[in-house]
Amino acid sequence: MKAAVIQMVSQDDVLANLQRAGALLEQAAAGGARLAVLPENFAAMGRRDAAAIGRAEALGEGPILPWLKRTARDLKLWIVAGTLPLPPVGQPDAKAHACSLLIDEHGEIAARYDKLHLFDVDVADNRGRYRESDDYAHGGQVVVADTPVGRVGLTVCYDLRFPELYSALRAAGAELITAPAAFTAVTGAAHWEVLIRARAIETQCYLLAAAQGGLHPGPRETHGQAAIIDPWGRIVAQQARGEAVLLATRDPEEQASIRARMPVLSHRRFFSQDALRPAQTSE
């Protein structure tokens with residue numbers, strides 16, 4: 001029932017990044033993990049050729065997918081592959097999605113989540129302007145899947161600011177939620193820990209928050225602070241900067257107890273649009 005969260009400092013060299021990710025996944029497997037989560041953009045940071053990378057992978061000509069499948073088989077490890085550019089299935093020339101794949105221990109794709117919320121934001125850092133929609137198309141599906149450590153809901157980075165997605169994952173039976181990320185140093189310092197703990201508390205799920213943590217081409221600096229948060233909102237493991245493998249054991253009995261003592265799912269109330277209108281006053 002162990003899960004691992006990995007922190008990296010990925011660069012723009014895909015093959016070098018895969019080598020580093022492989023070493024970290026080996027460490028996770030050696031520590032007893034059955035599921036490991038890689039960070040967003042684990043295979044490439046600072047690249048502006050997402051379309052070319054995605055097309056090559058879709059046509060079976062890229063290095064990333066074969067490496068993922070082989071590594072999962074060799075290590076007998078389920079892998080949440082952070083994000084990589086992938087166009088819709090069967091459409092290699094379409095705009096890529098920021099895709100988070102769940103690879104099972106046999107090297108098969110068990111689930112695919114295309115990032116719903118794209119980071120089109122101005123940030124007071126060296127880069128200043130981020131427009132993910134220039135390179136990626138929005139996803140449109142909520143995704144959960146069964147794994148050896150429990151039922152997992154898939155999210156990515158900027159999704160953390162949209163709690164309705166996490167409510168939908170909990171309603172779909174999620175017991176753990178993955179959040180591979182590459183938060184900027186500025187937004188991460190302000191909001192990262194608050195967001196990952198809040199999403200864990202409100203869903204009563206384990207939050208597996210893999211991260212990028214350091215300096216990248218671009219120039220870009222990421223916040224780090226990869227973490228595993230339990231269903232009560234406690235930080236089980238955390239890493240400030242640099243590479244790391246974090247391990248934690250899911251306790252299903254404790255999780256069930258938390259949910260039974262505070263049954264927020266059954267307490268959720270829904271309201272009509274009329275409730276949003278200003279109250280009428282009489283004179």
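What counts as what
Residues numbered from 1 in each chain as written. Predicted model: local features only at pLDDT ≥ 70, side-chain atom pairs only at ≥ 80, totals over all residues. Heavy atoms only, no water. UniProt positions renumbered as here; feature names shortened; annotations may be inferred. Helix = DSSP H or I, 4+ residues; strand = E, 2+ residues; numbered from the N terminus. Rg over C-alpha atoms; globule rule 2.2 N^0.38 Å. Contact = heavy atoms within 4.5 Å. Areas by Shrake-Rupley, 256 points an atom, 1.4 Å probe, with all protein chains shown as cover. Axes fitted to C-alpha atoms, helices over the stretch in contact; angles between N-to-C directions. Left-handed = near helix turned anticlockwise from the far one by under 90°. Nonpolar A, V, L, I, M, F, W, Y, C, P; charged D, E, K, R; others polar. Core = buried A, V, L, I, M, F, W, Y, C linked by side-chain atoms within 4.5 Å. Buried < 20%, exposed > 50% of the residue type's maximum accessible area, 1.4 Å probe, protein only. Pairing = 2+ DSSP bridges. Phe/Tyr/Trp six-rings, centres within 6.5 Å; stacked < 30°, edge-to-face > 60°. Salt bridge = Lys/Arg side-chain N within 4 Å of Asp/Glu carboxyl O.

An unreviewed UniProt entry lists the chain under the name Carbon-nitrogen hydrolase family protein, with Pseudomonas fakonensis as the source organism. Under the UniProt heading Sequence similarities (unreviewed entry), the note attached to the chain is "Belongs to the carbon-nitrogen hydrolase superfamily. NIT1/NIT2 family."

**With respect to the overall build of the chain**
Along its length, the chain carries seven helices and 18 strands. Computed over C-alpha atoms, the radius of gyration of the chain comes to 19 Å, within 12% of the 19 Å expected from 2.2 N^0.38 for 283 residues, which places it in the range of a compact globule. Considering only C-alpha atoms, the chain reaches an extent of 70 × 45 × 40 Å along its principal axes. For the chain, contacts bridging at least 24 residues in sequence account for 68% of all contacts bridging at least 6. Counting every atom, the chain has about 12,700 Å² of accessible surface; 51% of that belongs to carbon and sulfur.

**Description of the UniProt feature "domain: CN hydrolase" (unreviewed entry) in the chain**
Cross-referencing UniProt, the feature "domain: CN hydrolase" (unreviewed entry) maps to residues 1-252 in the present numbering. Strand forms 29% of residues 1-252 and helix 27%; the C-alpha atoms that close the span are 9 Å apart.

**Remarks on the packing of helix H4 (residues 163-171) against helix H5 (residues 185-203)**
Each pair of packed helices can be described by the angle between their axes along with the distance between the axes. Relative orientation of the contacting elements H4 and H5 amounts to 35 degrees, with a least axis distance of 10 Å. Note that H4 runs across H5; the crossing there is right-handed. Of H5, the residues touching H4 (which contributes Pro163, Tyr166, Ser167 and Arg170) are Arg199, Glu202 and Thr203. In terms of residue class, the contact of H4 with H5 is built from two nonpolar, two polar and three charged.

**As for the nonpolar core**
With 45 residues, the main nonpolar core has Leu35, Leu160, Trp192, Ile196, Leu207 and Leu208 as its most contacted residues. Sequence-distant contacts of Leu207, that is, excluding residues within four places in its chain, are made with Tyr166, Ile177, Ala179, Ile196, Arg199, Ala200, Ala227, Ile228 and Ile229. The next biggest cluster of nonpolar side chains, apart from the first, holds 30 residues, and it includes Ala4, Leu18, Ala72 and Leu84.

**Overview of the pairing of strand E12 (residues 206-209)**
Where burial is concerned, the two faces of E12 agree: the one with Tyr206 and Leu208 and the one with Leu207 and Ala209 are both buried. Across three bridges, strand E11 (residues 176-178) lies against E12 in parallel orientation. What sits directly across from Ile177, in E12, is Leu207. Judged from the three bridges that link them, E12 and strand E16 (residues 226-229) form a sheet pairing that is antiparallel.

**Section: the sheet that holds strand E17 (residues 235-239)**
Here six strands make up an open sheet; going across it, the order is E9-E10-E11-E12-E16-E17 and the pairing mixed. Looking at strand neighbours, the two that pair on one side only are strand E9 (144-147) and E17, the edges of this open sheet. Along the sheet, successive strands turn relative to each other by an average axial angle of 20 degrees, direction set aside. Sheet topology note: the strand E10 (residues 150-154)/E11 ladder contains three bridges and is parallel. By the bridge assignment, Leu154 is partnered in E11 with Thr178. Along the sheet, H5 contacts E11, E12, E16 and E17; its crossing angle with E12, the most-contacted strand, is approximately 150 degrees.

**Quick notes on the packing of aromatic side chains**
Inspection of every chain in the model, using the stated rule, returns five aromatic pairs. Judged by centre distance (5.4 Å) and plane angle (55 degrees), the rings of Phe119 and Tyr130 are tilted. Placement of the pair is Phe119 in the loop between strand E6 (109-114) and strand E7 (120-122) and Tyr130 in strand E8 (residues 129-131), with a sequence separation of eleven residues. A relative accessible area of 2% places Tyr130 in the buried class. The structure contains a cluster of three or more aromatic residues connected by ring pairs, namely Phe119, Tyr130, Tyr158 and Phe162.

**A few points about the pattern of salt bridges**
The final tally for this structure, using the stated rule, is 16 salt bridges. With a closest N to O distance of 3.8 Å, Glu193 and Arg197 form a salt bridge. Here Glu193 and its partner Arg197 are both found in helix H5, four residues apart, which amounts to about one turn of the helix. With a shortest N-O distance of 2.5 Å, Arg199 and Glu202 are connected by a salt bridge. With a gap of three residues between them, Arg199 and Glu202 both fall in helix H5, about one helical turn apart. The network of salt bridges with common partners includes Glu40, Lys115 and Glu132.

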